[in-house]
Amino acid sequence: MKKYLLIFILIISLTANTGCTLFSEGLRYFSPDRDRNTDILVDNNYLSIHVLVQRIVDSIRSDSDLENLFQSIPSRQREGVNLDQYQQYIRLLRRGITGDISSFSIMGTDELEEIQDDMIVQRPDQASLINDMRGVWLYFREIGRYEEKFAIFLEQADGSPPVLSYDWISQILYLSEVSVLYFDAIDRSDVDALTVLLSHEQPDRTTDILKTRARRIIDYYQNNVGTRPSEFRVLKAQIDCLQFEAFSAASQARQTAVSRVIEIKSKSDQQYEINDTIPDEIHHLDLNVFYSEQHLFKLASVDSERQPETIRSNVFESIVGEPIKHNDSNCNAVGNIQRITLSYDSMDILVEGTCFRHSRWEGSVRQVLIHDSQCRLGSGIRPGQTVNDILRRYPFADETGFVIAGQFDGGSVQMIFTVDEDDIIESIELKITDR
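Scoring rules and cut-offs
Residues numbered from 1 in each chain as written. Predicted model: local features only at pLDDT ≥ 70, side-chain atom pairs only at ≥ 80, totals over all residues. Heavy atoms only, no water. Helix = DSSP H or I, 4+ residues; strand = E, 2+ residues; numbered from the N terminus. Contact = heavy atoms within 4.5 Å. Areas by Shrake-Rupley, 256 points an atom, 1.4 Å probe, with all protein chains shown as cover. Buried < 20%, exposed > 50% of the residue type's maximum accessible area, 1.4 Å probe, protein only. Pairing = 2+ DSSP bridges. Patch = residues over 30% accessible without salt bridge, like charges linked within 9 Å, V, L, I, M, F, W, Y side chains within 5 Å. Salt bridge = Lys/Arg side-chain N within 4 Å of Asp/Glu carboxyl O. Lys, Arg positive; Asp, Glu negative; His and termini not counted. Charge placed at Lys NZ, Arg CZ, Asp CG, Glu CD. Polar contact = N/O pair within 3.5 Å; in protein donor to acceptor, adjacent residues only side chain to side chain. Core = buried A, V, L, I, M, F, W, Y, C linked by side-chain atoms within 4.5 Å. Arc of directions from axis to C-beta. pLDDT = per-residue confidence, 0-100. 1 Å grid on protein atoms, 1.4 Å probe; cavity = no way out; pocket = protein on both sides within 12 Å on 5 of 7 lines; lining within 4 Å. Points joined across faces, edges and corners; volume = space filled by probe spheres on them. Nonpolar A, V, L, I, M, F, W, Y, C, P; charged D, E, K, R; others polar. Axes fitted to C-alpha atoms, helices over the stretch in contact; angles between N-to-C directions. Parallel < 35°, antiparallel > 145°, perpendicular 65-115°, else oblique.

**Here's the deal with the overall build of the chain**
Within the chain, the secondary structure is distributed over eleven helices and 19 strands. When contacts within the chain are restricted to residue pairs at least 6 apart in sequence, those whose partners lie at least 24 apart make up 58%. About 22400 Å² of surface is accessible on the chain, with carbon and sulfur atoms providing 46% of the total.

**Some remarks on the pairing of strand E13 (residues 337-343)**
Only one face of E13 is buried: it carries Gln338, Ile340 and Leu342, and the other face, with Ile337, Arg339, Thr341 and Ser343, is open. The antiparallel hairpin formed by E13 and strand E14 (residues 347-356) contains three residues in its connecting segment.

**Examining a negative patch on the surface**
There is a patch of like negative charges on the surface, built from Asp110, Glu113, Glu114, Asp117 and Asp118. With respect to the helices and strands, the residue aspartate 118 is situated in helix H5 (residues 109-122).

**Some details on the side chain of arginine 134**
Inspection of the secondary structure assignment puts arginine 134 in strand E3 (residues 133-141). By relative accessible area, arginine 134 is classed as buried at 18%. Within polar-contact distance, the side chain of arginine 134 engages the side chain of glutamine 156 at 2.7 Å.

**Regarding the nonpolar core**
What tends to happen in soluble globular proteins is that the nonpolar side chains get buried as a cluster. Among the nonpolar cores identified, the biggest contains 73 residues, and Leu138, Trp168 and Tyr221 are the most heavily contacted of them. Per-element tally for this core: the top contributor is helix H7 (residues 166-187), with eleven residues. With near-sequence residues (within four places) excluded, leucine 138 lies in contact with Val53, Val57, Ile60, Ile97, Ile101, Ser103, Phe104, Glu148, Lys149, Phe150 and Ile152. Membership of the second largest hydrophobic core comes to 43 residues, among which are Phe297, Val320, Cys355 and Leu377.

**Here we look at helix H10 (residues 313-320)**
All buried positions along H10 are accounted for by Ser313, Phe316, Glu317, Ile319 and Val320. The buried residues of H10 all sit within an arc of 155° when viewed along its axis, so they share a single face. Seen from the buried face of H10, the exposed residues on the opposite side, beyond 90 degrees, are Asn314, Val315 and Ser318. Summarising the contacts, the buried residues of H10 are in contact with strand E9 (288-291), strand E10 (294-298), strand E11 (311-312), E14 and strand E15 (360-370). Downstream of H10 by a residue or two, glycine 321 has a phi angle that is positive, lying close to 95°.

**Here we look at the environment of leucine 287**
Within the secondary structure, leucine 287 sits in the loop between strand E8 (271-275) and E9. Sequence-wise, leucine 287 and methionine 415 are 128 residues apart; in three dimensions their C-alpha atoms are separated by 9.1 Å.

**Remarks on the confidence of the model for the chain**
Averaged over every residue, the pLDDT of the chain is 88; residues scoring 70 or more account for 88%. A low-confidence stretch, residues 1-26 stays under pLDDT 50, and its non-local contacts, those more than four residues away or across chains, total 26 contacts.

**Quick word on unusual backbone geometry**
The phi torsion at alanine 300 lies on the positive side, around 65°, for a residue other than glycine. Assignment of secondary structure puts alanine 300 in the loop between E10 and E11. Here alanine 300 falls in the buried class, since its relative accessible area comes to 7%. One non-glycine residue, arginine 306, lies in the positive phi region at around 65°. With respect to the helices, strands and loops of the structure, arginine 306 is situated in the loop between E10 and E11. Given a relative accessible area of 54%, arginine 306 falls into the exposed group.

**A few points about the layout of surface pockets**
Of the volumes computed, that of the largest pocket is approximately 220 Å³. Trp137, Ala151, Leu235, Lys236 and Gln238 are, among the 14 residues lining the largest pocket, the residues nearest its centre. Counting only elements with at least two residues in the lining of the largest pocket, the list comes to H5, strand E4 (148-155) and strand E5 (233-237). It is E5 that contributes the most residues to the lining of the largest pocket, five residues altogether. Looking at side-chain class alone, the lining of the largest pocket contains eight nonpolar, one polar and five charged residues.

**Observations regarding the sheet that holds E10**
Working definition: the strands of a sheet are paired by backbone hydrogen bonds and lie parallel or antiparallel to each other. An order of E10-E9-E16 is seen for the three strands of this open sheet, with the pairing classed as antiparallel. A single partner strand is all that each edge strand has here, and the edge strands are E10 and strand E16 (375-377). Sheet twist, expressed as the mean angle between neighbouring strand axes with direction ignored, is 25°. Here E9 pairs with E10 via four bridges, running antiparallel. Bridge pairing links valine 289 to phenylalanine 297 in E10. Together, E9 and E10 form the strand contacts of H10, whose direction differs from that of E10 by roughly 135°.

**Some details on the packing of H7 against helix H9 (residues 207-224)**
Helices that pack against each other are described as a pair by the angle of their axes relative to one another and the distance between those axes. Remark: H7 packs on H9, axes separated minimally by 9 Å, with the N-to-C direction vectors making an angle of 70°. Relative to H9, the element H7 lies roughly perpendicular. The segment H7 lies against H9, with Tyr182, Phe183, Ala185 and Ile186 engaging Ile217, Ile218 and Tyr221. For the contact of H7 with H9, a count of residues per class yields seven nonpolar, no polar and no charged.

Pasting the structure below:
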């Protein structure tokens, strides 16, 4: 009986000294009060994965002891990672872990494989390294908030001890450097520096388009984001991408802060992709529709009594010509209002108003589709022009499917560009979408 009691006490002692409990993967481990000097090395003087994670946790929690913690990791488990790189990596992790770490757990096989598959889609050239990584969740909680978790990864090939991967950490730090340059250019309102950075990502775009995009980004951050870039929280630190979270500035119209995610994605040969879409807004000028340089109407405009502006067929059709047809098939009553869908050689329109025996009409335009180069919007954009002509005015249109929205006195408006395979504008649609 005494023999079994001694064995039990020994097991408890070893468990306490290693700073973790000897449970199966997926359960949590943490012991903040352990003595580092009594850690047990396993497998020919290698730290176990749980003890190695504990070192990283302690590094995140204590800046003053960072060098000693780094040195306490056997050099063979640092795989060429130097102290400076380790410090940079830990500082990056701290931006993702905004509360006290309470525990950690090893990712289960199914969960890890799903994450690995997503990473390999972005970085197929790094499939071998990614498949050798083991994932660990660090659990933390801010005061007054729910518990959250953050993923870190260690390299551990089959049958080998875990290591801090130089290839993994160095590539994450490269993405971090790109993010620093990007956010610093925004913070300094440096259009030229931001343009150069964007040109490496989008070499096919002309400088004037990239400068328009850079100005749009800087303007957005100055007027809509309430925190400095250095305070953006890191949501993900992986070889395929870094994710940051920024919060909108407070306003009277919006009482609750809205977050947005910025991604710096890695590509092969140290190339990168910045996913930071700033949705464009329709300019007032582009609510105006012209035919052969004659003004037809302004969509979503209202009169002095805040009622939709009225256009009349005699004036409209004296400019664009007669409709292809106007009969019961395309002119229907909805309550006391006629909905008239008319097709002309150069455009299609939807009018709500009054029809007089299908011979003349008056009302407000709810929707227009222009498909002839004789038609244009107020800024000059017209069918037959190229995508570049769109991007000079709406620099993020290609990232929003060439769909742009805006809010005006006459309602919410959506503008949709249809572009062919040669990047030529086939048609432009404007429609009021508030019902």
